[in-house]
Amino acid sequence: MPRPGQVKSSSGERLSNRIALGVLTRVFPPELVDEVIAECGRLEQRSRLLPARVVVYFVLAMCLFSGQGYEEVARLLTQGLERARRWEKPWRVPTTGAIGRARSRLGPEPLKVLFDRVCRPVADQDTAGAWYRQWRLVSVDSTVFDIPDTDANADFFGRPGSARGQQRSAYPQVRVTALVECGTHAVFAAATAPLSVHEQHLIPGLLDRLRPGMLVLADRGITGFELWRAATDTGADLVWRVRKNVVLPVLENFDDGSYLSEIVATSDRARRRDPATVRVVEYTLNGGDETVYRLVTTVCDPDQAPAAELAALYHQRWEIENTLDEIKTHQGGHHLVLRSRHPDGVEQEIYGFLLVHHALRDVIHRTAHRAGLDPDRISFTRTLNAARRHVTGQAALSPLTTEAGAETHGP
């Protein structure tokens, strides 16, 4: 007989040993999840209905089936088992409240550590669209997610001002900054923070994921001398757009129209004692509004990266915008509002979304590589839907009983 609080199959297997989430358990195997749980000190001292491994997979599942309530996520996860009659009936299963408490016990740390262990650039040397000459193309940018309007979330994360003259907007927001491999849309570094924290203060925490041989693209809202210097210290090369008020003296003109210049810290503008040498590429878009784009780069030899090529290349930066849209609009659903009512749950949920997205992008890259295609040729939405169907066919989590009253959405 199973102990109270355990769910077993008719053959005596525990729930945590039968859980199967298709592509998610391939990319995040149970052995790795258990290792991360132990590293984070989340091993249970007593038997629970929802052990930590199950909770990790449930968080991934709820981020795969975004917009569905806890009970519906569990129902989708068990359709395959119901057909196969792998579990005894009636099931003794956790309630919505029990799942919320289990998420709170787990916290965000195991999801963050799992992200750091698994999420890496995935492009091979022959992956179409992932490279410019010898450089792997990556981009950095930020976005915000709407989160439930609770006192805990509002106090910790804050909320933006309203454009309609109101004193507060409808939802608090969490800021997320990420590094993305442009050719595959793989997110390989991320950080979360309250809305008041500018992305320039989040990016330094991501720089240890940069490597020599990467070419980092960034928009003008990110540039700053200290951040530039820290990024170049990683050995990666940079192509960043700068604001029009940045002083860029012409030190040497090149035949391709670019020129050698230098940038300095704000405190060093007068004396310019500690400059960083850069090359500047200026251009306008054909048929555009005559806006002058100014790029600064660490690649100072025009033969290695001609100005016209860098100008065309810079617009690969928009791949990170497409990546964030995949997560927020396609994976999360239109008008996405996260479900977590407390800050730790918000952070846990964000990393759940990033982990699921990485697993899907890994599948897309593998499929494209076998077919000799650019990963951009494979639909993210179709892959997402296929993954959802695959999960319901392999499901191994018992459905939840319904408690009286409205459902609450976790920690």
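Residues numbered from 1 in each chain as written. Predicted model: local features only at pLDDT ≥ 70, side-chain atom pairs only at ≥ 80, totals over all residues. Heavy atoms only, no water.

1. Things to note about the side chain of Thr143
Step number 1: Take Thr143: it is sitting in strand β2 (residues 135–146).
Step number 2: We classify Thr143 as buried; its relative accessible area is 13%.
Step number 3: Separated by 2.9 Å, the side chains of Thr143 and Lys328 make a polar contact.
Step number 4: With sequence-adjacent residues up to four places away left out, Thr143 is seen in contact with Val174, Arg175, Val176, Leu324 and Lys328. (Helix = DSSP H or I, 4+ residues; strand = E, 2+ residues; numbered from the N terminus. Buried < 20%, exposed > 50% of the residue type's maximum accessible area, 1.4 Å probe, protein only. Polar contact = N/O pair within 3.5 Å; in protein donor to acceptor, adjacent residues only side chain to side chain. Contact = heavy atoms within 4.5 Å.)

2. Some words on the pattern of salt bridges
Step number 1: Within the structure shown, the criterion is met by 18 salt bridges.
Step number 2: The residue Glu181 makes a salt bridge to Arg136 at a minimum N-O spacing of 2.5 Å. Of the two residues, Glu181 is situated in strand β3 (residues 173–181) and Arg136 in strand β2; the sequence distance between them amounts to 45 residues. Neither Glu181 nor Arg136 differs from the other in exposure class; each is buried.
Step number 3: The salt bridge partner of Arg279 is Asp256, with a shortest N-O separation of 2.9 Å. Placement of the pair is Arg279 in strand β9 (residues 276–283) and Asp256 in the loop between β7 (252–253) and β8 (259–263), with a sequence separation of 23 residues.
Step number 4: Residues joined by salt bridges that share partners form a network here, namely Asp141, Asp219, Arg317 and Glu321. (Salt bridge = Lys/Arg side-chain N within 4 Å of Asp/Glu carboxyl O.)

3. Quick look at the side chain of Glu262
Step number 1: You can see Glu262 is positioned in strand β8.
Step number 2: For Glu262, a relative accessible area of 16% puts it in the buried group.
Step number 3: At 3.1 Å, the side chain of Glu262 and the side chain of Arg272 are in polar contact.
Step number 4: If sequence neighbours within four positions are ignored, Glu262 has contacts with Val247, Leu248, Pro249, Leu251, Arg272, Pro275, Ala276, Thr277 and Val278.

4. Observations regarding the packing of aromatic side chains
Step number 1: Counted according to the given criterion, the structure contains five aromatic pairs.
Step number 2: Positioned over the ring face of Trp318 is Arg317, at 4.8 Å from the centre of the ring. (Phe/Tyr/Trp six-rings, centres within 6.5 Å; stacked < 30°, edge-to-face > 60°. Lys NZ or Arg CZ within 6 Å of the ring centre and 35° of its normal.)

All we've got here are geometric facts, nothing functional implied.
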